[in-house]
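Residues per chain, in single letters:
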Amino acid sequence: MPRGRPVRRVRFESHKSGVFSVARDRTMIEEAQQQAQAWIGENLDREIVSIDTACGRMLTVVTVWYR
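Structural notes, computed from the coordinates.

The rules behind each value
- For every chain, the first residue of the written sequence is number 1, and numbering continues from 1 along that sequence.
- The model is predicted, so local features are restricted to residues of pLDDT at least 70 and side-chain atom pairs to those at 80 or more, both for listing and for counting; the totals for chains, interfaces and linings are taken over all residues.
- To get the side-chain values, all heavy atoms of the structure are used, and hydrogens and water are removed first.
- The way it works is that DSSP assigns letters per residue, a run of H or I at least four long becomes a helix, a run of E at least two long becomes a strand, and they are numbered from the N terminus.
- Put simply, the radius of gyration uses C-alpha atoms, and a globule should come to 2.2 Å times the residue count raised to 0.38.
- A 1.4 Å probe rolled over the protein chains alone gives each residue an accessible area, and that area as a share of the maximum for its type sets the label: buried under 20%, exposed over 50%, partly exposed in between.
- Residues count as neighbours in contact if any of their non-hydrogen atoms are within 4.5 Å of one another.
- Computed by Shrake-Rupley with a 1.4 Å probe, the accessible areas treat only the displayed protein chains as cover when residues are assessed.
- Under the convention used here, Asp and Glu are negative, Lys and Arg are positive, and both His and the chain ends fall outside the count.
- Throughout, a charge is located at the NZ atom of Lys, the CZ atom of Arg, the CG atom of Asp or the CD atom of Glu.
- Among buried residues, the Ala, Val, Leu, Ile, Met, Phe, Trp, Tyr and Cys ones that are joined through side-chain atoms within 4.5 Å form a nonpolar core.
- Here a Phe, Tyr or Trp ring, Trp counted by its six-membered ring, pairs with any other such ring whose centre lies within 6.5 Å, and the pair is stacked when the planes are under 30 degrees apart, edge-to-face when over 60, and tilted otherwise.

### A closer look at the overall build of the protein chain
Each helix and strand counted, the protein chain has 1 helix and 3 strands in total. Seen in sequence order, the protein chain has helices and strands lined up from the N terminus as β-α-β-β. Against the compact-globule benchmark of 11 Å for 67 residues, the protein chain has a radius of gyration of 14 Å, which places it well outside the compact range. Buried residues in the protein chain amount to 24% of all 67 residues. For the protein chain, the share of sequence-separated contacts (at least 6 apart) that also reach a separation of at least 24 residues comes to 60%. Surface accessibility of the protein chain: about 4900 Å² in total, with carbon and sulfur atoms responsible for 51%. Here the protein chain contributes 11 positive and 8 negative side-chain charges, whose respective centroids are spaced 6 Å apart.

### Remarks on the nonpolar core
Counting residues in each nonpolar core, the largest one holds 8 residues, listed as V10, F12, A32, A36, W39, V62, V64 and Y66. Mapped by element, the contributors of at least two residues to this core are β1 (8–15), α1 (22–42) and β3 (59–66).

### Things to note about the packing of aromatic side chains
This structure, assessed with the given rule, holds 2 aromatic pairs. Plain terms: the ring middles of F12 and W39 are 6.4 Å apart, the flat faces sit at 55 degrees to each other, and that makes the pair tilted. Here F12 is found in strand β1, whereas its partner W39 is found in helix α1, with 27 residues between them in sequence. Residue class for F12 comes out buried when judged on its relative accessible area of 10%. When its relative accessible area of 15% is taken as the criterion, W39 is described as buried. Ring geometry for W39 versus Y66: centroids 4.9 Å apart, planes at 50 degrees, classification tilted.

Laid out in structure tokens, this is it:
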């Protein structure tokens, strides 16, 4: 791995409760991804290394790894 700025992360979360459905999961994913996109748009000087999305029953997390 090249030396330089360390890799860091920022997390964006969406919480929902209620009936489990594809539409609810999609909404949670889209909400967390929109938060991540807004952050990326405000931090254009950052080098994005990776973006991960994890979705559970009541929580979706989008993690942006950056330098």
